[in-house]
Amino acid sequence: MDMIFAARQLQEKCKEQYQDLYMTFVDLTKAFDSVSRESLWKIMSKFCCLDKEVTPGIQIRLQAVSKVKETVIRYLLFADDYALNATKEHEMHLEVDKFSSACENFGLTISMSKTEVMHQPAPGNTYQDPNIQVNGQSLKAVDHFTYLGSTLSRAANINIEITNRSAKASSSFGRLRKTVWERRGIQEYTKVKVYKAIVLTSLLYGSETWVLYRRHEKQLNHFHLRCLRNILNIRWQDKIPDTDVLERSKLPSVITTIRKAQTRWVGHVYRMTDSRIPKQLLYGELRCGMRRAGGHRTRIQDTLMSDMKGFNIDVNSWESSASDRPTWRRLVHEGSLLTEARRTESAKENNTNPKRHYRYGQVINIQLDMNMIQTKARKLYEVYAAKEPQEPQEEEEEEEEEENADDLQPGPSSRSKEGLPSILTDTHGKSACM
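Quick caveat: nothing in here was measured; it's all calculated off a predicted structure.

### Let's talk about helix α4 (residues 159-175)
- For α4, spanning 17 residues, the distance from its first C-alpha to its last is 25 Å, which sits close to the expected 24 Å at 1.5 Å a residue.
- By the burial criterion, the buried members of α4 are Glu161, Ile162, Arg165, Ser166, Ala169, Ser172 and Phe173. Projected onto a plane normal to the axis of α4, the buried residues spread over an arc of 130° and lie on a single side.

Quick look at the structure:
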């Protein structure tokens, strides 16, 4: 999780400060865990002439109240492989060449088929495929890469990540359909526990590093409730609201679960030492570039501050509480319960409201007063009947004889209720307009 958070923070910082980002994901054909990484970089500095003037990597500036500290992030640990980082293409060329030379000294071989490079252009710049070569062979340029199970995109968003997470969670849910969900001998409580341990964990993997928008929340919440309705055997014909489904399963909404995980994670990052990469990226900024004026995209810091406010945690003094792990966990747990109670109360109030207005041309449900409609229908009928012309009785008798003899149509005086519109004749609330 540390390196996933660091990779997304690199993307966010470069996007925020209008800098390009080149990430090369190197795959080695032999196991790399047995090699000392510090020794590898020392050999690179000895044989490849690394110095401060041409040092590849991303330079981070950590600014505190009393001092400013600078550090260079050259790579991220990728299982037994490397993820090299640079802000310029020629720096990435230099870094890949030196890394390849150092690997040869250890007898390691870079897999050209699995090594890929991703270029994230700065906002406003045109995207161009990077031309990074290793031993004369060009590396494959990709738009997204699966890094430690989490999908990184050159667009620096989580659209593809949410789609992939939903697909993997749906696959896990489908494999357990016959053995768990549709099996009658297993209690609902046990099924929900299995869902929480397997499916929900697969869905929210890496959610501590996400910056969610409303469209992402709707997509995740829809999947979560659909799975719970399937487990609890609740059909849409039952017309059971989502709040009752969550109460029956004794699970919070997926949004509250994500916010709780993110708030706990930021406390964990704060307790890290200053030499850890996640903390350096969370509190630091790039040495090159600057944040411009105007509207900006939502950052992970903005999301965390919003979550803390929802949990009733003071955003000005949260660091003192996060320094003590039990205290921070208690505050986050109590805040999540409070947020979930507010959300449930608001949802129930919307469900009981007779007038629910929707945007974008959706249906507006308004409860009609049928007694008022029936009263107006009777009045209209009385007015219509009063306006009919009154003819002499003798003429009416002659017309009746003619109708019986010649089978003619009845006149206006003998018009019955059947000839009137349905809205006037039906006084029991069964008109066609209903």
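Once the structure has been displayed, the description carries forward.
### Some details on the nonpolar core
- Counting 29 residues, the largest nonpolar core has Trp181, Tyr195, Trp210 and Leu220 as its most contacted members.
- Put simply, the parts of the chain that give this core at least two residues each are α4, α5 (177-181), α6 (188-203), α7 (214-231), α8 (242-249) and α9 (254-270).
- The greatest single-element share of this core, amounting to 6 residues, is contributed by α7.
- Beyond its immediate chain neighbours, meaning those up to four positions away, tyrosine 195 contacts Phe173, Trp181, Leu200, His224, Cys227, Leu228, Ile231 and Leu251.

### Focus on the pairing of strand β11 (residues 150-153)
- The side-chain alternation of β11 yields two buried faces, one formed by Ser150 and Leu152 and the other by Thr151 and Ser153.
- Pairing between strand β10 (residues 144-147) and β11: 4 bridges, direction antiparallel. Looking at the pairing, threonine 146 lines up with threonine 151 of β11.
- Linkage of β10 to β11, two consecutive antiparallel strands, is achieved through a turn of 2 residues, within which leucine 148 is found at a positive phi near 55°.

### With respect to a positive patch on the surface
- A cluster of basic residues, Arg264, Arg271, Arg325 and Arg329, forms a positive patch on the protein surface.
- Structurally, arginine 325 is set in helix α13 (residues 325-352).

The rules we used
- Residues numbered from 1 in each chain as written.
- Predicted model: local features only at pLDDT ≥ 70, side-chain atom pairs only at ≥ 80, totals over all residues.
- Heavy atoms only, no water.
- Helix = DSSP H or I, 4+ residues; strand = E, 2+ residues; numbered from the N terminus.
- Expected span 1.5 Å × (residues − 1).
- Buried < 20%, exposed > 50% of the residue type's maximum accessible area, 1.4 Å probe, protein only.
- Arc of directions from axis to C-beta.
- Core = buried A, V, L, I, M, F, W, Y, C linked by side-chain atoms within 4.5 Å.
- Contact = heavy atoms within 4.5 Å.
- Pairing = 2+ DSSP bridges.
- Patch = residues over 30% accessible without salt bridge, like charges linked within 9 Å, V, L, I, M, F, W, Y side chains within 5 Å.
- Areas by Shrake-Rupley, 256 points an atom, 1.4 Å probe, with all protein chains shown as cover.
- Salt bridge = Lys/Arg side-chain N within 4 Å of Asp/Glu carboxyl O.
- Lys, Arg positive; Asp, Glu negative; His and termini not counted.
- Charge placed at Lys NZ, Arg CZ, Asp CG, Glu CD.

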